[in-house]
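Now for the letters of each chain:
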2 protein chains.
Amino acid sequence: MKRTELIENIKRKKSFLCVGLDSELSKIPQHLLKFEDPIFEFNKEIIDATQQFAISFKPNLAFYESLGVKGILSLEKTVDYIKKNYPDIFLIADAKRGDIGNTSKMYAEAFFKNMNFDAVTVAPYMGSDSVTPFLKFENKWVILLALTSNDGAFDFQYIQTPSNEKIFETVIKTSQTWADENKMMYVVGATKANMLADIRKIIPNHFLLVPGVGAQGGSLAEVAKYGMNKDCGLIVNSSRAIIFADSSENFANVAHEKAKEVQLEMEKLLINHNIIS
Amino acid sequence: MKRTELIENIKRKKSFLCVGLDSELSKIPQHLLKFEDPIFEFNKEIIDATQQFAISFKPNLAFYESLGVKGILSLEKTVDYIKKNYPDIFLIADAKRGDIGNTSKMYAEAFFKNMNFDAVTVAPYMGSDSVTPFLKFENKWVILLALTSNDGAFDFQYIQTPSNEKIFETVIKTSQTWADENKMMYVVGATKANMLADIRKIIPNHFLLVPGVGAQGGSLAEVAKYGMNKDCGLIVNSSRAIIFADSSENFANVAHEKAKEVQLEMEKLLINHNIIS
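Residues numbered from 1 in each chain as written. Chains lettered and ligands numbered in written order. Predicted model: local features only at pLDDT ≥ 70, side-chain atom pairs only at ≥ 80, totals over all residues.

Asker: Even after reading the chapter, I still don't get unusual backbone geometry, so can you show me in this structure?
Answerer: A negative phi holds for most residues other than glycine; trans holds for most peptide bonds. All names here are of chain A. For N116, which is not glycine, the phi dihedral falls at a positive 60°. By secondary structure assignment, the location of N116 is in the loop between helix 5 (101-114) and strand 4 (119-122). In this structure, N274 is a non-glycine residue whose phi angle is positive, near 60°. A residue is classified by how many C-beta atoms lie within 10 Å of it, and N274, with 8 of them, is exposed. (Helix = DSSP H or I, 4+ residues; strand = E, 2+ residues; numbered from the N terminus. Buried ≥ 20, exposed ≤ 12 C-beta atoms within 10 Å, placed from the backbone.)

Asker: Could you clarify how one ought to interpret the pairing of strand 1 (residues 17-21) of chain B in this entry?
Answerer: Both faces of the sheet carry side chains from a regular strand, because those side chains alternate between them. All names here are of chain B. Of all 5 residues that make up strand 1, 5 are buried, and the element is covered over most of its length. As defined by bridge partners, strand 1 adjoins strand 8 (residues 234-238) across 3 bridges and the pair is classed as parallel. Counterpart to C18 in the pairing with strand 8 is N237. The sheet contact formed by strand 1 and strand 2 (residues 56-59) spans 4 bridges and is parallel. Across the sheet, residue L21 finds its bridge partner in strand 2, namely P59. Chirality of the crossover, the property in question, places the unit of strand 1, helix 2 (residues 38-50) and strand 2 among those that are right-handed. (Pairing = 2+ DSSP bridges. Right-handed = clockwise from strand over helix to strand, strands pointing away.)

Asker: What should I look at first to understand the interface of chain B and chain A in this one?
Answerer: By a widespread convention, an interface's size corresponds to the accessible area lost as its parts come together. Tallying the contact residues gives 48 residues for chain B and 48 residues for chain A. Secondary-structure elements contributing two or more residues to the side of chain B that touches chain A are helix 3 (61-65), helix 4 (68-85), strand 3 (90-97), helix 5 (101-114), helix 6 (128-131), helix 7 (153-156) and helix 8 (167-175) of chain B. Top contributing element to the side of chain B that touches chain A by residue count: helix 5 of chain B, with 7 residues. Broken down by class, the residue content of the side of chain B that touches chain A amounts to 21 nonpolar, 18 polar and 9 charged. (Contact = placed C-beta atoms within 7 Å. Nonpolar A, V, L, I, M, F, W, Y, C, P; charged D, E, K, R; others polar.)

Asker: Sorry if this is basic, but what is going on with the sheet that holds strand 6 (residues 184-188) of chain B here?
Answerer: Sheet strands pair by backbone hydrogen bonding; their relative direction is either parallel or antiparallel. Strand order in the closed barrel formed by 8 strands is 1-2-3-4-5-6-7-8 (chain B), with parallel pairing between adjacent strands. This sheet shows a mean twist of 30° between the axes of neighbouring strands, independent of strand direction. (Axes fitted to C-alpha atoms, helices over the stretch in contact; angles between N-to-C directions.)

Note that every value here comes from positions in space, so none of it alone points to a role or purpose.
Below, the structure is given as structure tokens:
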């Protein structure tokens, strides 16, 4: 997907919501277990119920890999279902991959050629040649980890460098030389919304993928205040707060309502920031 | 596998060789393509031909994931084949995973519960709670990325910190508080063999997984000189130089000879360092 398309979708849907498909078998409504592929049935209902309020879906690979071959089948079916029925969805593989060049190339093929994701999250520790193979596919995106939303983020990401910046800032600055805002986004955790202001000084134009709103405790208004730019520039993820809001047979309707609530809040923020009228 | 078992295997086999199963479909001998599962046929022959000279095998997940469900099947069959026929093999999932706590937990289950790997490589960027879920399984190991063998290693891993050490040294020091040498190893690239001396000052007792000998240009004698400790403390990986040494129907015999060459060199180094007599 091109950047212009993504921005158009945000304006048309009045939303910058990404629904995280962290579809854990032990957490989905138990009546779905009677189906041959409960995870796919769950995803399908969640996708149908929330897609009108979302511009993106983000399966986290761990939840599918943990089920072995069955899980990969559920994932492939989910990707196909979204791309066939809702081609305007920006589809993110939350995989946090990264390896030496020839190996990252194989991961890139897995996500972009075999599975038709639009973007993949990549870990920066191994540097340029672990990231650039993902950048060779047209209209596909790297979403590089910069500042994550977990406690462990404080272990290494905040370390001061000799240039008097933090490691996550060095990651953002260095990676600017690998690709621009048409191919690269960054993960910035919502639990540190005030850091978004500093990050916007380095990358005013890039999209940021913001996890951690909802179950992880971040505030949407704060994220918009510090992180929104003239194109919106934000994709905010919510997983558990939407997909596991209810565990009865009515779960999809509840997810629909939860996604709608978030979309309405996002619509107000987009209006307040003069992105839509 | 326990640390004592691993050390016994090294002494008995007079080897610290890990054979990397980077089994790329376009690189395996073409006569294998007639089989229903060419990757598994390739792995089986490579494993049978080299296991007497190796203490470890290391499938790199990217090469399996890039083939989708078929690739995951090949991987599962490979894991089962090794564990059934050669239970003394230390089996490493080279996956370089790492995510927030509840997600790393799912990856840990994928590799340690569903697939019976002994160890998994983990990326440190997201810090403690992205690593510790992998440490909760008995006799299973985390192999944390410290200093990798690729060019991109220079982007972030060598950055100086306020404590006047490099980021990869901080990663090693900080992670000492998460687990000791009975649960944790580190990836240290062979292309920087002299750095091993500095690393040994921080972690004299830990095992190091050393990729980059062979195709990536590192020297085995240098690695042993700077990195070997009283228990050996090294697992040295070779992938392409062994598994793709020949592409004819004779490939397994050639791999056997290549692995034997490496083992003989390792035996000399183990004798020189008084680890075996």
